[in-house]
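# Structural characterization, general
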Amino acid sequence: MIATIAKGELVGAWRDGRFRLGAVLVLVLLVVAGLLARQQVARETAERDAATALERKNWVEQGNKNSHSAGHYGVNVFKPSSPLAVFDRGIEPFVGTTVFLEAHRQNQTAFLPAQDATAMRRFGELSAALALQVLVPLLVVLLAFGSLAGERESGTLRQTLSLGVAPRSIVLGKALGIAAAIALLLTPAAAVLAILLSRSAEPAAEGTWTRAGWLAAVYAAYIAVIVAGSVAVSASTRTARSALTILLAMWALNCIVAPRLASDVVHGQLPMPKLAVFEVEMQKDVMEGLDGHDARSKQIEDFTKRTLAEHGKTSVDQLPFNFQGFVMLESERMAGVVFDHHFGKLWDRIQEQDRAVAWAGFAAPMLALRSASMAFAGTDFAHHRRFARAAEEHRREFVRLLNEDLMNNARPGDHGYAAGRALWEALPEFRHEVASAAEAWRDARPSLIVLAAWLVASLAFLGWSATRLRAVIL
Amino acid sequence: MLEAQKLTKRFQDRVALDALDLRVEAGEIFALLGPNGAGKTTTINLFLGFLTPDSGDARIAGTSVAQDPVAARRKLAYIPEMVSLYPRFSGIENLDYFSRLGGHKRRGEELYALLERAGLAREAADRRVGTYSKGMRQKIGIALALATGAKVLLLDEPTSGLDPAASHEFSRMLKKLADEGVAILMATHDLFRAREDATRIGILVNGRLVAQHGRDEFRGKDLEKLYLERLAS
């Protein structure tokens, strides 16, 4: 019975020229978005690989110099793209892709892809994820608004009910039929995206296919919510026109108003520090530590006395290591504590905002879906933070090795010490892997809870609408 | 087969159906006559379970509609004034779809045979019903009644708007169904068809069944005069 109704709905949808046209448009958009994203990711990957090779070449060929000076010469490291960025670019265009690693400073990522974009970007970036989040629900609405209200008006609902079909079977059959029509539309798009993913220039990281599976699951859940909700509204309204009005209003609230509103409200409630204030406060705290380049500072004076006392010496030249290198090492350690505190607070605030937006998904499921989608695509802030953290850890290790070289190999008071290619080559290259699928799952947990709640609520609404399904509404 | 006991329905202050007592046996065609707003469609809707009675009971082959509307509907077929079909399906596809929903999965040839029995040619059966006339739609309704093997048939103004030939064809099919033992309740304005087809008539005025006449009572008489007298009384 349910299968018959679902099949009837599917065939009816397929024979509807408007659905076919809409389906073709959505399909083309999905595929074009995937191809464009793949092209962009491939270009960025190629540019990153070339820049990484050039950076390494410049580093090892920088010539002989003081190893701490080499720390100031610095290196750029580049953020790898997540293979699933072809599906959902997430925050990638709006956060930097490059971090300059140098002594004494933890720099923020720079070179936002959005900076290189044309003014057209303000109209939004087309991605397969956006098409699924916004356009497919619109297609569902157009398919579902008349599924029961329209049949009530045309009399076919009366005809169906007169045959002794249980209202629950009708409602469920309609929902499954619409879901099948959408699945039919998305299957070729999913196949194209899978091919793009498997042929990605970026080697698929471990867990990429698990992440892709999760992405499919969360989008299926989201579309199920929209289908169930739309059919339930159609079952509960007197006319197809009323159902369409209600559903379009809900679509606009969910897909257009809620993302903007949630972002504004969350930024109002959980404000970010101004960049200038952040920099000044962090610098102030850094200055309270050791400044290895200011030998007359009070902190250096105290540190020198303490070090000499610990080693039972009266002059830094008597120490068994280069004191300048030791100061640099210690000043980096102390600055690291300051950076951890300030960047930690900043990043925690951004993640608090992200979590708040995900929980706001209780008001509009697209918010939860968007968060989950970025998490599984590896393009959310949590993934960006992991990269920034890895880059900073690499910076500290790289500066530590340089300072240790100075401390251990330069004679006390020798300001002419110079290290060379052997040391530069010994320093490790930066490597960063996209986080595991399990970590992505942990990041997405609030969104998954919200989506699960929506799924349960929309199915309950569908069930309730079946109990109220009437051939005649008085 | 089809029974109403003190069946009453009110819409706010207005009594749409007032303690209707009615029984239609197998093989009978009962024509329910009455002006607009008399309660004919309300009666049909109560038998279909689309409306809930305020009091009284409607039964289809022994099953109370109020208690188990789905089971009661399984025993009947319903042909409204305009049989509603899916315009993107052909006649045969509509029949297949609705007969499956009625719990009767039939093979293609059987379905064509049913449509032919109902008077619809095979080439018409393969066309999408968006192009169908009202008479052709009614034939699909009859074919569906045949397909589901319903023992009770509810008709709501089934011949309204049909041309004389289609109307005649329709009544021929009704009589055939009645001969096969189907109990038929037909709400209609069509006095001519009622006199030709019905084995009994009932006249409904302002929700009350004011008269019932057996075929012997109205055969050969001026049914219009009888009907107008009952309306006036």
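Structure first, text after, so check above.
Below is a summary of the structure that appears in this document. (Residues numbered from 1 in each chain as written. Chains lettered and ligands numbered in written order. Predicted model: local features only at pLDDT ≥ 70, side-chain atom pairs only at ≥ 80, totals over all residues. Heavy atoms only, no water.)

## Some points on the interface of chain A and chain B
Taken together, the contact between chain A and chain B spans 27 residues of the former and 27 residues of the latter. Taken together, both faces of the contact between chain A and chain B bury some 2400 Å²; the carbon and sulfur share is 59%. Three residues stand out in chain A for area buried against chain B, namely Arg15, Gln159 and Leu163 of chain A, and they jointly supply 29% of the buried area on that side. Applying the counting criterion to the chain A and chain B interface returns 2 salt bridges. One salt bridge in this structure joins aspartate 16 of chain A and arginine 88 of chain B, with 3.3 Å as the shortest N-O distance. Our count for the contact surface shared by chain A and chain B stands at 9 residue pairs in polar contact (both at pLDDT 80 or more). When contributions to the side of chain A that touches chain B are tallied by element, the ones reaching two or more residues are helix H1 (2-15), helix H5 (149-154), helix H6 (156-162) and helix H7 (167-198) of chain A. In terms of residue class, the side of chain A that touches chain B is made up of 11 nonpolar, 10 polar and 6 charged. (Contact = heavy atoms within 4.5 Å. Buried area = accessible area lost by both parts, 1.4 Å probe. Salt bridge = Lys/Arg side-chain N within 4 Å of Asp/Glu carboxyl O. Polar contact = N/O pair within 3.5 Å; in protein donor to acceptor, adjacent residues only side chain to side chain. Helix = DSSP H or I, 4+ residues; strand = E, 2+ residues; numbered from the N terminus. Nonpolar A, V, L, I, M, F, W, Y, C, P; charged D, E, K, R; others polar.)

## Here's the deal with the packing of aromatic side chains
Residues and elements named next belong to chain A. Under the defined criterion, the tally for this structure stands at 19 aromatic pairs over all chains. Seen in terms of ring centroids, tryptophan 59 and tyrosine 73 are 6.3 Å apart; in terms of plane orientation they differ by 35 degrees. Their pairing is tilted. Of this pair, tryptophan 59 sits in helix H2 (residues 17-60) while tyrosine 73 sits in helix H3 (residues 67-73), and the two are 14 residues apart along the sequence. Its relative accessible area of 2% is what places tryptophan 59 among the buried residues. Using a relative accessible area of 36% as the deciding quantity, one classes tyrosine 73 as partly exposed. A centroid spacing of 5.3 Å and a plane angle of 50 degrees characterise the contact between phenylalanine 343 and tryptophan 347, whose relative ring orientation is tilted. Residue phenylalanine 343 and its partner tryptophan 347 are located together in helix H12 (residues 323-359), separated by 4 residues, close to a single helical turn. (Phe/Tyr/Trp six-rings, centres within 6.5 Å; stacked < 30°, edge-to-face > 60°. Buried < 20%, exposed > 50% of the residue type's maximum accessible area, 1.4 Å probe, protein only.)

## Digging into H12 of chain A
With 37 residues, H12 of chain A should cover 54 Å at 1.5 Å per step; its first-to-last C-alpha distance of 53 Å lies within 8% of that length. Between the side-chain oxygen at the start of H12 of chain A and the backbone nitrogen of glutamine 324 of chain A there is a gap of 2.9 Å, and the oxygen is on asparagine 322 of chain A. (Expected span 1.5 Å × (residues − 1).)

## Quick look at the pairing of strand S8 (residues 183-188) of chain B
Residue and element names in this part refer to chain B. With 6 of its 6 residues buried, S8 lies for the most part within the structure. A two-sided burial pattern is seen for S8, the buried positions comprising Ala183, Leu185 and Ala187 on one face and Ile184, Met186 and Thr188 on the other. Bridge count between strand S3 (residues 29-33) and S8: 5 bridges; the pairing is parallel. Across the sheet, the residue bridging to leucine 33 is threonine 188, located in S8. In this structure, strand S7 (residues 152-156) lies alongside S8, joined through 5 bridges in parallel fashion. If you follow leucine 153 over to S8, its bridge partner there is isoleucine 184. Handedness of the S7-helix H7 (residues 164-179)-S8 crossover: right-handed. (Pairing = 2+ DSSP bridges. Right-handed = clockwise from strand over helix to strand, strands pointing away.)

## Topic: the sheet that holds strand S10 (residues 208-214) of chain B
Residue and element names in this part refer to chain B. Across the sheet, 6 strands lie side by side as S6-S7-S8-S3-S9-S10; this open sheet has mixed pairing. With one partner strand each, in any of the chains shown, strand S6 (76-79) and S10 form the two edges of the open sheet. Neighbour to neighbour, the strand axes of the sheet diverge by 15 degrees on average, direction disregarded. Bridge count between S6 and S7: 4 bridges; the pairing is parallel. In the strand pairing of S7, leucine 76 is matched with valine 152. Helix H10 (residues 223-232) contacts S3, strand S9 (200-205) and S10 of the sheet and is inclined by roughly 35 degrees relative to S9. (Axes fitted to C-alpha atoms, helices over the stretch in contact; angles between N-to-C directions.)

## Some remarks on the environment of glutamate 281 of chain A
Residue and element names in this part refer to chain A. Its location among the elements puts glutamate 281 in helix H10 (residues 275-287). The exposure class of glutamate 281 is partly exposed, given its relative accessible area of 41%. When the C-alpha positions of glutamate 281 and histidine 342 are compared, they lie 8.5 Å apart, and in sequence the two are 61 residues distant.

## Concerning the nonpolar core
In terms of nonpolar packing, the biggest core is built from 150 residues, with Leu153 and Leu185 of chain B touching the most fellow members. Not counting chain neighbours up to four residues away, the residues in contact with leucine 185 of chain B comprise Leu2, Leu22, Val24, Phe30, Leu32, Thr43, Ile44, Phe47, Leu153, Leu154 and Leu155 of chain B. Counting 22 residues, the second largest nonpolar core, distinct from the first, contains Ala70, Ala103, Phe398 and Leu427 of chain A. (Core = buried A, V, L, I, M, F, W, Y, C linked by side-chain atoms within 4.5 Å.)

## Some thoughts on empty space enclosed by the protein
Residue and element names in this part refer to chain A. Scanning the entire structure with this criterion turns up 6 cavities of 30 Å³ or more. One number sums up the size of the largest cavity: a volume of about 90 Å³. For the largest cavity, the full set of lining residues is Lys79, Pro80, Ser81, Ser82, Glu92, Gly378, Asp380, His383, His384, Phe387, His432 and Val434. Grouping the constituent residues of the lining of the largest cavity by class yields 3 nonpolar, 6 polar and 3 charged. (1 Å grid on protein atoms, 1.4 Å probe; cavity = no way out; pocket = protein on both sides within 12 Å on 5 of 7 lines; lining within 4 Å. Points joined across faces, edges and corners; volume = space filled by probe spheres on them.)

## Examining unusual backbone geometry
Residue and element names in this part refer to chain B. Positive phi, close to 45 degrees, is recorded for alanine 61, a residue that is not glycine. With respect to the helices and strands, the residue alanine 61 is situated in the loop between strand S4 (55-60) and strand S5 (63-64). For asparagine 206, which is not glycine, the phi dihedral falls at a positive 50 degrees. Along the polypeptide, asparagine 206 turns up in the loop between S9 and S10.

## Quick word on the sheet that holds S5 of chain B
Picture the strands of a sheet paired through backbone hydrogen bonds; they go either parallel or antiparallel. Residue and element names in this part refer to chain B. Spatially, 4 strands are ordered S2-S1-S4-S5 in an open sheet, and the strand pairing comes out antiparallel. The sheet is open, and its two edges are formed by strand S2 (14-24) and S5, each paired on a single side. Sheet analysis places strand S1 (residues 2-11) next to S2, joined by 7 bridges and oriented antiparallel. Across the sheet, the residue bridging to alanine 4 is leucine 22, located in S2. Against the sheet, helix H1 (residues 40-48) touches S1, S2 and S4, its axis set at about 115 degrees to S1.

## Focus: the side chain of glutamine 106 of chain A
Locating glutamine 106 of chain A in the fold gives a position in the loop between strand S2 (98-101) and helix H4 (128-144). Apart from the residues within four sequence positions on either side, glutamine 106 of chain A is in contact with Phe339, Phe343, Trp347, Glu392, Arg395 and Arg396 of chain A.

## Focus on the pattern of salt bridges
Residues and elements named next belong to chain A. Considering all chains together, one arrives at 41 salt bridges over all chains under this definition. The residue lysine 174 makes a salt bridge to glutamate 151 at a minimum N-O spacing of 2.5 Å. Of this pair, lysine 174 sits in helix H7 while glutamate 151 sits in helix H5, and the two are 23 residues apart along the sequence. Glutamate 151 matches lysine 174 in its accessibility class, with the two residues each being buried.

## Points about helix H3 (residues 91-101) of chain B
With respect to burial, H3 of chain B is a largely interior element, 8 of its 11 residues being buried. Of all the residues in H3 of chain B, the buried ones are Gly91, Ile92, Asn94, Leu95, Tyr97, Phe98, Ser99 and Leu101 of chain B. Residues of H3 of chain B that are buried make contact with H1 and H6 of chain A together with helix H4 (108-117), helix H5 (122-125) and helix H6 (134-148) of chain B. Glycine 103 of chain B, located one to two residues past H3 of chain B, shows a positive phi value of around 90 degrees.

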